[in-house]
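Residues per chain are reported as follows:
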Amino acid sequence: MSHTAIAKCSRLDASQSPSSSSPSVSFKITAAGSHVRGQIILQGAITGKSVSALKSFFENITAAPVASWRLDMKGLELLSFAGLRHLARFASARRRNGAAVRIVGIHENIFATLLDMKLLDLFLWAD
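Just so it is clear, the model here is predicted, and its values are computed rather than measured.

Quick look at the overall build of the protein
The helix and strand tally for the protein stands at 3 helices and 7 strands. Tracing the protein from N to C terminus, the helices and strands come up as β-β-β-α-β-β-α-β-α-β. By residue count, 40% of the 127 residues in the protein fall in the buried class. Across the protein, contacts joining residues at least 24 apart in sequence account for 63% of those joining residues at least 6 apart. A total of about 7,100 Å² of accessible surface is found on the protein, and carbon and sulfur atoms cover 52% of it.

Here it is, written out as C-alpha cells:
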C-alpha cells in the first residue's frame, strides 16, 4: 500500500493568466514501504521568467529521498534552452545519486529537442 507524502501544483509564472500554455509544474511523492517515488508533471511553455522558477523547483525537491522519478511532459509544448539545461542537471544529479528518472509522456517538440541535443540517455523511457 502506498500513500502520498507530499503533493503540490504551482504556476511557474504568476504574471501570466492561467491557460493551457501557462507554465506549471506539479509533483507528488509517494511511499510504498521503504521505496519512495516521485512524479513530476511539466506543462505549458517554460521560457523567460518561468525558467528561474523551474530551477528553484528542482533545487527544492532535490533533497527528497526519492528512489525513482516519473516525468510527464505530454503537456509541455515549449522548453527554452535554459529550462532544458535545468532539467538535464536534475536528471544527471538524480542518476549520480542512484535514482532513476523515467519519462512516461513527452510532447513531440520536447522529444525532438532532447534527441537533437543528445540528451535522451539521461532518462529511462516508459514502454
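Examining the pairing of strand β6 (residues 100–106)
Sheet analysis places strand β4 (residues 68–73) next to β6, joined by 6 bridges and oriented parallel. Bridge pairing in β6 places W69 opposite V101. Relative to strand β7 (residues 124–125), β6 runs parallel, the two being bridged by 2 bridges. The partner of I103 across the bridge, within β7, is W125.

Here's the deal with the nonpolar core
By size, the foremost hydrophobic cluster in this structure holds 32 residues, and its most contacted members are I40, L42, L71, M73, L114 and F123. Secondary structure elements with two or more residues in this core: β2 (24–32), β3 (35–46), α1 (49–61), β4, β5 (76–79), α2 (81–96), β6 and α3 (108–116). In this view, L71 contacts I40, L42, L87, V101, R102, I103, V104, G105 and F123; residues no more than four positions away in its chain are not counted.

A closer look at α2
For α2, which comprises 16 residues, the first-to-last C-alpha distance of 22 Å matches the rise-based estimate of 22 Å (1.5 Å per residue) to within 8%. Listed in full, the buried residues belonging to α2 are G83, L84, H86, L87, A88, F90, A91, A93 and R94. Where the residues of α2 are buried, they touch β3, α1, β4, β5, β6 and α3. Just downstream of α2 lies G98, where phi reads positive at about 85°.

Notes on the pattern of salt bridges
Summed over all chains, the structure comprises 2 salt bridges. Across the pair K74 and D72 runs a salt bridge, and its minimum N-O distance is 3.1 Å. Look at D72 and you get buried, because its relative accessible area is 11%.

Remarks on the packing of aromatic side chains
Per the counting criterion, the structure on display carries 6 aromatic pairs. Note on W69 and F90: the rings are 5.5 Å apart at their centroids and 75° apart in plane angle, and the pair reads as edge-to-face. Separated by 21 residues along the polypeptide, W69 in strand β4 and F90 in helix α2 bring together distant segments of the chain. You can call W69 buried: its relative accessible area is 1%. Taking relative accessible area as the criterion, F90 reaches 3% and is therefore assigned buried. Taking the centre distance of 5.7 Å and the plane angle of 80° together, the rings of F111 and W125 count as edge-to-face. Residue F111 is located in helix α3, and its partner W125 is located in strand β7; the two are separated by 14 residues in the primary sequence.

Quick word on unusual backbone geometry
Even without being glycine, K118 reaches a positive phi, approximately 60°. Inspection of the secondary structure puts K118 in the loop between α3 and β7. For K118, a relative accessible area of 73% translates into the label exposed.

Cut-offs used in this document
- Residues numbered from 1 in each chain as written.
- Predicted model: local features only at pLDDT ≥ 70, side-chain atom pairs only at ≥ 80, totals over all residues.
- Heavy atoms only, no water.
- Helix = DSSP H or I, 4+ residues; strand = E, 2+ residues; numbered from the N terminus.
- Buried < 20%, exposed > 50% of the residue type's maximum accessible area, 1.4 Å probe, protein only.
- Contact = heavy atoms within 4.5 Å.
- Areas by Shrake-Rupley, 256 points an atom, 1.4 Å probe, with all protein chains shown as cover.
- Pairing = 2+ DSSP bridges.
- Core = buried A, V, L, I, M, F, W, Y, C linked by side-chain atoms within 4.5 Å.
- Expected span 1.5 Å × (residues − 1).
- Salt bridge = Lys/Arg side-chain N within 4 Å of Asp/Glu carboxyl O.
- Phe/Tyr/Trp six-rings, centres within 6.5 Å; stacked < 30°, edge-to-face > 60°.

That's the geometry; what it means functionally is another story.
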